[in-house]
Amino acid sequence: MLLEESAQLVIYDPKVSRDRILLDLKTVMDDESLVDRLVSVADSPYTAVEEAHALVVCTEWDEFKTLDYSRIYDSMLKPSFAFDGRIILDHEELSKIGFQVEVIGRASRALSGPPTDVVP
């Protein structure tokens, strides 16, 4: 897990409270102090990705479909990665912006749009 490798995580979820996010993470960690030390919760998707190496979308909230990904890319460290865990993002557009795009749960390959080989 990323926390066990001392990665700092900044989480943004428009529907889940800070306390619930932290409690859920502590429930699955052997060392809860890692959550206290390495996880923060942002109030905005834009602040969550500032100076980050990667963004990961793990929910299907419509808000993530309409973010200003050029603005996000500009605020991130380079190279910048976008991991799409719900196959809701415009992979071609993200690639044009400069992101290296990966779909979670599928082997890496050039993406030109939503995949057709994924079974829900």
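Let us look at the structure shown here.

Conventions adopted
Residues numbered from 1 in each chain as written. Predicted model: local features only at pLDDT ≥ 70, side-chain atom pairs only at ≥ 80, totals over all residues. Heavy atoms only, no water. Pairing = 2+ DSSP bridges. Helix = DSSP H or I, 4+ residues; strand = E, 2+ residues; numbered from the N terminus. Axes fitted to C-alpha atoms, helices over the stretch in contact; angles between N-to-C directions. Contact = heavy atoms within 4.5 Å. Patch = residues over 30% accessible without salt bridge, like charges linked within 9 Å, V, L, I, M, F, W, Y side chains within 5 Å. Areas by Shrake-Rupley, 256 points an atom, 1.4 Å probe, with all protein chains shown as cover. Salt bridge = Lys/Arg side-chain N within 4 Å of Asp/Glu carboxyl O. Buried < 20%, exposed > 50% of the residue type's maximum accessible area, 1.4 Å probe, protein only. Lys, Arg positive; Asp, Glu negative; His and termini not counted. Charge placed at Lys NZ, Arg CZ, Asp CG, Glu CD.

Some details on the sheet that holds strand E3 (residues 54-57)
Thought 1: Here we have 3 strands laid out as an open sheet, ordered E3-E4-E5, and parallel in their pairing. Each edge of the sheet is formed by a strand with only one pairing partner; in this case those strands are E3 and strand E5 (100-103). Each strand of the sheet is rotated relative to its neighbour by a mean of 15°, with strand direction disregarded.

Regarding the environment of His53
Thought 1: Mapped onto the elements, His53 comes out in the loop between helix H3 (45-48) and E3.
Thought 2: Along the backbone, His53 and Ser80 are 27 residues apart, and their C-alpha atoms lie at a distance of 5.4 Å.
Thought 3: Discounting residues that sit within four places of it in the chain, His53 has contacts with Met76, Leu77, Pro79, Ser80 and Phe81.

What about a nonpolar patch on the surface?
Thought 1: Side chains of Met1, Leu2 and Val28 sit close together on the surface and give an oily, nonpolar patch of about 320 Å² of accessible area.
Thought 2: Tracing the chain through its elements places Leu2 in the segment before strand E1 (9-11).
Thought 3: When its relative accessible area of 53% is taken as the criterion, Leu2 is described as exposed.

Things to note about a negative patch on the surface
Thought 1: A grouping of Glu4, Glu5, Asp30, Asp31 and Glu32 is seen on the molecular surface, where their side chains present a negatively charged patch.
Thought 2: Positionally, Glu4 belongs in the segment before E1.

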